[in-house]
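Residue-level structural notes
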Amino acid sequence: MEKRLREILLKTQRHLLLERRGEHLSRFAGEGLDFRELRPYTLDDDIRHLNWRSMARSLQPAVNVFNESRQINVVRVYLNSGGLAIGRPRSKGDLAAEILAALGFAALLGEDPTGALFFDRELRAWSAPSRERFAIERDDAFARSLDPSGRSVDYGALIPALLGRLKRRSVLYLIGDFMQPADLAPLALRHEVNVLIVRDRLDEELPEGEYSVVDAGSGRRRELLLDKATRRRYRRIVREHDATLAEAFRRRRIRWEKIYTHEEAIGKLIRFTRRRG
């Protein structure tokens, strides 16, 4: 194993020990398992999970939600888009690759099989879930070999690519910069979906001045003057985009976290995976 991956593994182990939470627990509804909470009944719920005592008290239907502690497939999804090429002190692509590897090691340390899917406008690679450490090394090498230039993510094609390969309920971690709209509702209906948004400060706060810029998605170059009004308009557009994403994730009970290129990523990642609710 190369030095970089050994360092990621050691950091992952250290942060897992500091959290002291044991192995990963999924949020899937199970039967006869560890009770987590009550929530209002929806038409999509199994009536076998209705809590009749709660209904008798409140006269409102509610269902039991359980934690599931058996082994689960952890599937890491690397979304290769043009924006991954930018970033300081490292690119968002480098950050995404580190997160991909750390999640893989965390799954193996919890004795859960883990796989990986790489996607932009089409499938780039699929690694079926396993407990083999060499698969983490292979996935890492593939992630770092991908060229993000001129790429964008086709979420309409991503959904069937994933659903066609996931034969059992899984925990999904989607890793990308999410600078374009993303409808993940079909995934959230069948799987536990977590979103890890990799960002650089330049994604959200542009510096003032004159620049020659290249569109990360199309590769086109243009001259750009960033005055105060343009910067305010850009900042507003990004905030509105992110607020729309956050609201869509909330409605679908999708957990998400932003991790920036200047941050210590693995500690923030492990805290996110261990956070409940």
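In this text the structure is predicted, and so the values were computed from the model without any measurement. (Residues numbered from 1 in each chain as written. Predicted model: local features only at pLDDT ≥ 70, side-chain atom pairs only at ≥ 80, totals over all residues. Heavy atoms only, no water.)

Quick look at the pattern of salt bridges now. Under the counting rule described, the total for this entry stands at 24 salt bridges. Asp177 is the salt-bridge partner of Lys92, the closest N and O atoms lying 3.0 Å from each other. Taken together, the positions of Lys92 in helix H3 (residues 92-109) and Asp177 in the loop between strand E6 (170-176) and helix H6 (185-190) put the pair 85 residues apart, joining distant regions of the chain. Residue Lys92 shares its accessibility class with Asp177, and that shared class is buried. In this structure, Asp139 engages Arg138 in a salt bridge whose closest nitrogen and oxygen atoms are separated by 3.9 Å. On the accessibility criterion, Asp139 (3% relative accessible area) is buried. Through salt bridges that share partners, Glu2, Arg4, Asp140 and Arg144 make up one connected network. (Salt bridge = Lys/Arg side-chain N within 4 Å of Asp/Glu carboxyl O. Helix = DSSP H or I, 4+ residues; strand = E, 2+ residues; numbered from the N terminus. Buried < 20%, exposed > 50% of the residue type's maximum accessible area, 1.4 Å probe, protein only.)

Another point: the sheet that holds strand E10 (residues 255-260). With respect to topology, six strands assemble into an open sheet ordered E5-E4-E3-E6-E7-E10, the strand pairing being mixed. Both edges of this open sheet fall to strand E5 (123-130) and E10, since each of them pairs with a single strand only. Across the sheet, the mean angle separating the axes of adjacent strands is 15° when strand polarity is ignored. The strands that H3 touches are strand E3 (73-79), strand E4 (114-119), E5, E6, strand E7 (192-199) and E10; relative to E3, the one it contacts most, it runs at about 175°. (Pairing = 2+ DSSP bridges. Axes fitted to C-alpha atoms, helices over the stretch in contact; angles between N-to-C directions. Contact = heavy atoms within 4.5 Å.)

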